[in-house]
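So the chains spell out like this:
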Amino acid sequence: TNAFVTTIQITLAAAIISTLLGTLAAIGISAMKKKNKAIMLGATNIPLLNADIVTGVAIMLLFVHFMSLGFTSMLIAHVTLGLPYIILNVMPRFQQLDKNVYEAAQDLGASAVYAFVKVVLPEIIPGIVSGFFFAFTVSMDDFVVTYFTKGAGINTISTMLYQQLRRGINPQMYALSTLLFLTILILLGLINHMSATKQKKADRREER
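Residues numbered from 1 in each chain as written. Predicted model: local features only at pLDDT ≥ 70, side-chain atom pairs only at ≥ 80, totals over all residues. Heavy atoms only, no water.

Can you explain the overall build of the chain? Please cite residues and give values.
Looking only at helices and strands, the chain features 10 helices and zero strands. Walking the chain from its N terminus toward its C terminus, one meets helices and strands in the order α-α-α-α-α-α-α-α-α-α. Looking at the chain as a whole, 36% of its 208 residues qualify as buried. Counting contacts in the chain only where the partners sit at least 6 residues apart, residues at least 24 apart contribute 76% of the total. Just so you have it, the chain exposes about 12200 Å², and 65% of that area is on carbon and sulfur atoms. (Helix = DSSP H or I, 4+ residues; strand = E, 2+ residues; numbered from the N terminus. Buried < 20%, exposed > 50% of the residue type's maximum accessible area, 1.4 Å probe, protein only. Contact = heavy atoms within 4.5 Å. Areas by Shrake-Rupley, 256 points an atom, 1.4 Å probe, with all protein chains shown as cover.)

What follows is the structure, encoded as structure tokens:
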């Protein structure tokens, strides 16, 4: 159905965009001084600490003044939801990174971009992948923010289920909901597995 296609489009697009922006933001925050870094991390945590309905209504009121509600507004809202998860997953990787290795690569003649791709990126990839899965899961599972920012004529699986509760749910929606649940369950399992693997590697490094 259209709701399923829209859900996949929004979820994938939001996860990819938030991953790119979140990674760039994490790079910038990691280069800041301690005070500025604390301020930025505090701002990053605001969407996580706020209730979903507060975030949804706030984003809706902001969009109403600048644009019409629709696919674009919903995509921006989902990117906003996913950004904190990317930043908070990538930042610890920067804290574990040995900056001397990056500087050594530049001293040996590597350009800044080449040194980043060959030295820094492999170290932060696990955080980027974990953040992507988190953003994907949160975006796919979201209802409240989607409901307030989707506009007329656009539905995701969660908003369509809410609408059909009033007049009876189409049996096809049970199958879609099952697929959605299994997808989220698999993603959460992958996230937990990656976190456990990352922790084991970190423990081994400390032992060495």
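Hey, could you go over a nonpolar patch on the surface for me, with residue numbers and the actual values?
Taken together, Phe181, Leu182, Leu185, Ile186 and Leu190 make up a surface patch of nonpolar side chains, about 490 Å² in accessible area. Mapped onto the fold, leucine 185 is located in helix α10 (residues 171–207). For leucine 185, a relative accessible area of 47% gives the class partly exposed. (Patch = residues over 30% accessible without salt bridge, like charges linked within 9 Å, V, L, I, M, F, W, Y side chains within 5 Å. Salt bridge = Lys/Arg side-chain N within 4 Å of Asp/Glu carboxyl O.)

Quick one: what's the story with the packing of helix α1 (residues 2–30) against helix α5 (residues 71–96), residue by residue and with numbers?
Two elements in contact, α1 and α5, have axes whose closest approach is 6 Å; the angle formed by their N-to-C orientations is 40°. By the criterion of interaxial angle, the relationship of α1 to α5 is oblique. Crossing of α1 against α5: the hand is right-handed. Here the contact of α1 with α5 is built from residues that sort into 19 nonpolar, nine polar and no charged. (Axes fitted to C-alpha atoms, helices over the stretch in contact; angles between N-to-C directions. Parallel < 35°, antiparallel > 145°, perpendicular 65-115°, else oblique. Left-handed = near helix turned anticlockwise from the far one by under 90°. Nonpolar A, V, L, I, M, F, W, Y, C, P; charged D, E, K, R; others polar.)

Tell me about the side chain of threonine 7, and please be specific about residues and values.
Mapped onto the elements of the fold, threonine 7 is located in helix α1. Leave out the neighbours within four places in its chain, and threonine 7 touches Met140, Thr156 and Ile157.

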